[in-house]
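Listed below are the residues making up each chain.
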Amino acid sequence: MAVSPHRTRDDTIRLGGPARDEGSVSAAAAPPGAGRRWLAVAVVLLAGALATECAVIAQPGPLPGGPAVLYLALGWWALALAAVAALVRAAPRRGITAVLLVGAVAVHLLALASGPRMSDDLYRYAWDGKVSAAGIDPYHYATDSPELAGLRDGWLWPDPAGCAALGRGPGCTRINYPTAHTIYPPVAQAYFVAVHHLPGPPRENKTQLYAAVLSLLLTGLLIRVLPRFGHHPGLVAAYAWGPSAGIDIGMDGHVDVLAVIFAVAALALLARPGARPRPTTRTAAAGALLGAAVAVKLYPALLLPAAARRRPAAVLGAAAAVVGLSYLPHIAVVGTDVVGFLPKYLSVEGYAQGHRFLLLGLLGLTGTAAKVAAGAVLAGVVLAVWRSEPASLPVERGALWLVGAAFLVATPAQPWYGVLLVALAVLAGRLEWAAVAVGPYVLYMALFRDLAVEDVYARPGGYVLGAAAVALAAAVRRIRARSSGAPDWPAASRCAR
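Along each chain, residues carry numbers from 1 onward, in the same order as the chain's sequence is written. Residue-level local features of this predicted model are given only where pLDDT is at least 70; pairs of side-chain atoms are given and counted only at 80 or more, and the full residue set underlies all totals for whole chains, interfaces and linings. Values shown for side chains rest on all heavy atoms present in the structure; no hydrogens or waters enter the calculation.

**Remarks on the pattern of salt bridges**
Then step 1. By convention in these notes, a salt bridge is any Lys or Arg side-chain nitrogen within 4 Å of a carboxyl oxygen on Asp or Glu. According to the stated counting rule, one finds four salt bridges in the structure shown.
Then step 2. Where lysine 297 meets aspartate 256, a salt bridge forms, and the shortest distance between an N and an O atom there is 3.0 Å. Of this pair, lysine 297 sits in the loop between helix H11 (280-294) and helix H12 (304-307) while aspartate 256 is found in helix H10 (residues 256-270), placing the two residues 41 residues apart along the sequence. Note on accessibility: lysine 297 and aspartate 256 belong to one class, buried.
Then step 3. In this structure, arginine 356 engages glutamate 349 in a salt bridge whose closest nitrogen and oxygen atoms are separated by 2.9 Å. Strands here are runs of E lasting at least two residues and helices are runs of H or I lasting at least four, both read from the DSSP assignment and numbered beginning at the N terminus. Buried means the residue's accessible area, taken with a 1.4 Å probe over protein chains only, is under 20% of the maximum for its type, while exposed means over 50%, and partly exposed covers the values in between.

**A few points about the packing of aromatic side chains**
Then step 1. Note on aromatic pairs: the rings of Phe, Tyr and Trp (six-membered ring only in Trp) are paired at centre separations within 6.5 Å, and the planes decide the class, stacked below 30 degrees, edge-to-face beyond 60, tilted for the rest. Applying the stated criterion across every chain yields a total of 12 aromatic pairs.
Then step 2. Here tyrosine 123 and tryptophan 155 contribute two aromatic rings whose centre-to-centre distance is 5.8 Å and whose plane-to-plane angle is 70°, an arrangement assigned as edge-to-face. One end of the pair, tyrosine 123, is in helix H4 (residues 121-133); the other, tryptophan 155, is in the loop between H4 and helix H5 (160-165), and 32 residues separate them in sequence. For the residue pair tyrosine 123 and tryptophan 155, the accessibility class agrees, reading buried in each case.

**Some remarks on the side chain of aspartate 128**
Then step 1. Structurally, aspartate 128 is set in helix H4.
Then step 2. Positive residues here are Lys and Arg, negative ones are Asp and Glu, while His and the chain termini are left out of the count. Put simply, aspartate 128 is tucked away with no salt bridge, and the nearest opposite charge, on arginine 124, sits 4.0 Å away.
Then step 3. We call two residues in contact whenever any of their non-hydrogen atoms come within 4.5 Å of each other. When near neighbours in sequence (up to four residues on either side) are disregarded, aspartate 128 contacts Thr182, Tyr184, Gln189 and Phe192.

**Focus: the confidence of the model for the chain**
Then step 1. Confidence in the prediction of the chain, expressed as mean pLDDT, is 86, and 86% of residues score 70 or more.
Then step 2. A residue's pLDDT is the predictor's confidence in that residue, given on a scale from 0 to 100. Segment residues 1-29 is flagged for pLDDT under 50; beyond a separation of four residues in sequence, or across chains, it makes 79 contacts in the model.

**Brief notes about the state of the cysteines**
Then step 1. Count a disulfide wherever a pair of cysteine sulfur atoms falls within 2.5 Å. If you walk through the whole model with that rule in mind, you get one disulfide.
Then step 2. Paired by a disulfide, cysteine 163 and cysteine 172 hold their sulfur atoms 2.1 Å apart. What sets the handedness of the cysteine 163 and cysteine 172 disulfide is the S-S torsion sign, and at about -100° it is left-handed. The pair formed by cysteine 163 and cysteine 172 is uniform in burial state, with each residue classed as buried.

**What about unusual backbone geometry?**
Then step 1. If you check the backbone angles, tyrosine 177 has positive phi at about 50° while not being a glycine.
Then step 2. Within the element layout of this structure, tyrosine 177 appears in the loop between H5 and helix H6 (186-197).
Then step 3. For tyrosine 177, a relative accessible area of 38% translates into the label partly exposed.
Then step 4. The backbone phi angle of threonine 411 is positive, close to 40°, even though this residue is not glycine.
Then step 5. Position of threonine 411 relative to the elements: it lies in the loop between helix H17 (395-410) and helix H18 (418-428).

Written out as structure tokens, the structure reads:
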């Protein structure tokens, strides 16, 4: 598979060609038989990842589990990334794809043996699906409203003994924020009600099962489209064999995977091995897919500046149409209540007050100053990506810059948000950004468990290391580009630097 002509020499991993440049790994340069030995190494690393997953499952305690879950997850990340390094050296290609898929299936089968480990969001999914299936708009009532009392069951609303087993008082529910309206957008709600009606195992395993099905679809999609982006399919192990697939989707059943499928499909439609733009119909289809992603979880809207550079009217118009049409039936019923828990969420997470921007906090910026600085940084990245030429800054890399910058500025605590970041890192061949996706694991555990480290260090620590990994990779890539005589940065862009 030839490398797309528009790829610059600073791509992290390339396909084909005997040269090893810019940190690339060429299977073609390997001696005979070495490819199969590397494939065997990858299988050993997969076995280690599966053993680590079993150890995560075995951890006792309520959500989000004990501190050991964090340390096991970090080790699991290391094994998955090491497996990538082995797979990109392995051959034959057909064997790599088979091993990738078998490993992904094993990761998700094991995940079904566990309840949720880091999050209880899937209980909200099940409740929203049940409410919608009863013919009630999910945005109409708060979870604990008396109007919905007839829908309560012994699983989501345990008896006193069940509440005691959960460490809660009588009258408890498994659903988080029971006094709030739902926060999930309409396409996510459609997915919840679909899962409610579909056959499957009982309770949380049903949500996990269909999340696993979507995760395997995402794995297959990434394998299928990576050649279009000029990268080796082995990169997919960073997602499919790691905690993003195993914990965030397989165990916790997060709907984010559906948004990521839409986003990856949209970027694949926009990718082109040349400078010419895609036809308007295709860019509009990509915009519609991005709109569907936004209507699952709002943050994929970050991809729009990268996707809309060539045909902004087609992309933005189609995305807005999908989002608007998906909300319209609910607005007709409940009006502004469709915003649900979102305003309170921003307050609970500390964004309204300006103290959630942890890396900016290390620079002494808090409150209004932190919010202004965060907005300025994100606006600068958006402007740089928007003004860049797609031939010099490909759409997947521009999208990665946008989402990665948002992570480093907003420092979210939710590990499952990182699924999109990992998928973009795979598409762009920039796996150093997966280190940033580890940041929320550290922060999440620091918020809920005593890690025996001062909060001022424990909370942003994962993000500091992730940012350092990205900066180091960029410096190494620039040094290698200079030594080879290639441009340090995309030459056709005035602002891509």
